[in-house]
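What follows is each chain in one-letter form.
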Amino acid sequence: MYKKEIISAEIIGIILSAMLLASIPIVGAQFFGDANKDDAISALDFNRVVIPVDEDFSGANAISFGGWYGLVLGPIYEPLVKYNSRTDTYEPWLAESFEISDDAKVYTFHMVKNATWHDGVPVTCEDVKFTIEYMKSKRPTWRTSLVDHVECPDKYTAIFYLNRCNPLFIEHGPNPWGGKIFPKHVWQNIDDPDRFKDTEFIGCGPFKFKKRIAGEYFVLEANENYHGDKPHVKEVVFKVIPHKDLQVLALKSGEVDIVYDISFAIADDLEGKKNIGVYLIPETSFQILGFNCELYPTNITEFRRALAHAVNKEKICNIAFGGRGTVVDTFLLPSIARDFVNYDTPKYEYNITKAKRILKSAGFEDRDGDGWLEGPDGEDVIITTPVSELNRIVEILKADWVEELGIKVKLISVESQLWFEEIHKKNIHTSGCPAYGRFEPNNLIWMRTYGHFNTPNRCGWSNSEFDALAEELIDTADREKRKEIGNRMQEILATEVPTVPICAPHTLVAYRSDRFIEWDSDPLYRPYDKKILLNVKTVRDNVSVDTGKKVEEKAIRERESEGEGGEQKIPVNLCDLLIAIILAISISIGARKRY
């Protein structure tokens, strides 16, 4: 009897030991250690924001950057000013104010006096002057070519003298390489920026470079000596996660804090999920249908007008963008361009009957009754378009044009890097409308015969009056005159229809609502923009210390219960159970020997 009791006790002990061992929490140190400097590895570190990026960081320094480098370096370096298209204002960064001459040829920037580089050296006008001259010499661009020279009448005043009138120079001229002003004392002895391997990334922004592991992550830390408002978070980690689906999984598990530019389907799946919030960034550009005006039959204006009436914009917004977008009928985006939009231009409402009537008057009809449209040449009408991946817009257009108009539509698969070449060989394409900063008439210039970069526009369209107006616009500083010129340019585009505005889709963002707030405080910006990273706060920042501690502890418990934190209870699998049983048996045998 006594033995049976011992054996029963041993069996119970084995089971209890196995359960105990299997349930021991596995403490996983987060891969960047102790961000809050408390000498402890926390399962939920409220001082670190983790943001996934799609690809590794190529390039060895801030000039030879590539891929996501321009984004992750944004919080390190600063521009003089930055335009906010939502408020139609310029936000000060290194310059607290500025003036523009009446002829828009001289720009004077008054710099802040308390900015320092991350190594403690003061930021002055000499850095601005050096940066412009260095870039003009080492990495010239059309932006730097606008500047004749820069003068420094004192340490904190920078005066830009331009080669010609440019009323929008402030948007891109002082920031000719993505908004970076470089420290003269670091770069003045570097002759070849392509061969320079930077290990410090000295900037003057709200965050400093901390560490980088190729193929894995790029880490920034808060700049405690920043001249403006200090960041709320102490560390920002850009982690390389190549695919959007993997990023979303990492968001669900708590490995990352935010995922940018998710599909509407993913947004629908995430909305309502515990500890996850979703917000949208209102449209800043729009999708267009572009016609190849050099290739038959899209080289015929009446044919383009007819097809413009066969674009179901409402359907495209609803299906292709999940209803998260705004139908666009103008060539400038109303929510941003405001009174520069010409609302009196011809509109092309969705009307298949009207489209058929225009086609017939232009010599396009089904003459042999086979259901396919023939052109004036007697041949079936065939429209070609390049696609590098699934394009819902093209699929919707194709359905209407094939079934309602009898036009044969051929989708030709091309590699993404060849897409820009192929649009000049095919009849139509869909793409985002090029936008260059402020949505003024200057954004129409891309449609002149040779666009912003002296290359043919995407539609192969040419109009001498439009080209002349574009040149006049560039040399005009007066706002009302610019508006008048822009109105006429929009009339020409609406009449000749080289392109059709379709829909301005919103950008969707998902984030961990149990950790950080204020991601949507200024939804014009992307999550890795310095403006957002300055605003983002932990969930405890808006409450008392005691309440905040409870919020953090509650979030940790919820994370652990979901299996999401750095300290997780690992589910028991067969292997774990066998190991636990063996250990328990060993313990039991040892105990039995003692009996």
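The structure displayed is predicted, hence computed values, not measured ones. (Residues numbered from 1 in each chain as written. Predicted model: local features only at pLDDT ≥ 70, side-chain atom pairs only at ≥ 80, totals over all residues. Heavy atoms only, no water.)

1. A closer look at the packing of aromatic side chains
A full pass over the atoms with the stated rule returns 18 aromatic pairs. Judged by centre distance (4.9 Å) and plane angle (50°), the ring pair of Phe 303 and Phe 364 falls under tilted. You can see Phe 303 sitting in helix H8 (residues 301-308) and its partner Phe 364 sitting in the loop between helix H11 (352-361) and strand S18 (382-387), a full 61 residues away along the chain. With relative accessibility at 0%, the residue Phe 303 sits in the buried group. Chaining the aromatic ring pairs together yields one cluster made of Tyr 77, Phe 130, Tyr 134, Phe 182, Trp 187 and Phe 196. Lys 408 extends its terminal NZ or CZ atom over the ring of Trp 372, reaching a point 5.3 Å from the ring centre. (Phe/Tyr/Trp six-rings, centres within 6.5 Å; stacked < 30°, edge-to-face > 60°. Helix = DSSP H or I, 4+ residues; strand = E, 2+ residues; numbered from the N terminus. Buried < 20%, exposed > 50% of the residue type's maximum accessible area, 1.4 Å probe, protein only. Lys NZ or Arg CZ within 6 Å of the ring centre and 35° of its normal.)

2. Let's talk about the sheet that holds strand S21 (residues 499-505)
The sheet built from four strands is open, its strands ordered S17-S21-S16-S20 with antiparallel pairing. Lying at the two open borders of the sheet, with one neighbouring strand each, are strand S17 (325-327) and strand S20 (428-432). Averaged over all adjacent pairs, the angle separating strand axes in this sheet is 25°, with direction ignored. (Pairing = 2+ DSSP bridges. Axes fitted to C-alpha atoms, helices over the stretch in contact; angles between N-to-C directions.)

3. Some thoughts on the confidence of the model for the protein
Low-confidence regions, as indicated by low pLDDT, have predicted coordinates that should not be scrutinised in detail. For the protein, the average pLDDT comes to 81, and 78% of its residues sit at 70 or higher. For the stretch residues 1-44, pLDDT sits under 50, and the model shows 70 contacts to residues farther than four places along the chain or on other chains. (pLDDT = per-residue confidence, 0-100. Contact = heavy atoms within 4.5 Å.)

4. Examining the pairing of strand S14 (residues 258-262)
Residues in a regular strand project their side chains so that they alternate between the two faces of the sheet. The buried fraction of S14 is high, at four of five residues. Sheet analysis places S14 next to strand S22 (residues 507-512), joined by four bridges and oriented antiparallel. Paired with Ile 262 across the two strands is Leu 508, which belongs to S22.

5. Section: the state of the cysteines
Within the structure shown, the criterion is met by two disulfides. Between the sulfur atoms of Cys 125 and its disulfide mate Cys 152 the distance is 2.0 Å. Note on the Cys 125 and Cys 152 pair: the S-S dihedral is about -80°, so by sign convention the disulfide is left-handed. Of the two residues, Cys 125 sits in helix H3 (residues 125-138) while Cys 152 sits in strand S9 (residues 147-154), which places them 27 residues apart along the sequence. For Cys 125, a relative accessible area of 0% corresponds to the buried category. Sequential numbering of the bridged cysteines in the protein gives the disulfide pattern 1-2, 3-4. Between Cys 459, a free cysteine, and Cys 293, which holds the nearest cysteine sulfur, the sulfur-to-sulfur gap is 5.7 Å. (Disulfide = S-S within 2.5 Å.)

6. Considerations on the pattern of salt bridges
Applying the stated rule across the entire model yields 28 salt bridges. In this structure, Lys 354 and Glu 349 form a salt bridge, with 3.0 Å as the shortest nitrogen-oxygen distance. Judged by its relative accessible area of 38%, Glu 349 is partly exposed. One salt bridge connects Arg 448 with Glu 471, and the closest N-O pair in it is separated by 2.9 Å. Pair noted here: Arg 448 is in the loop between S20 and helix H14 (464-474) and Glu 471 is in helix H14, with a separation of 23 residues, a long-range link. Since its relative accessible area comes to 14%, Arg 448 is described here as buried. Taking relative accessible area as the criterion, Glu 471 reaches 37% and is therefore assigned partly exposed. (Salt bridge = Lys/Arg side-chain N within 4 Å of Asp/Glu carboxyl O.)

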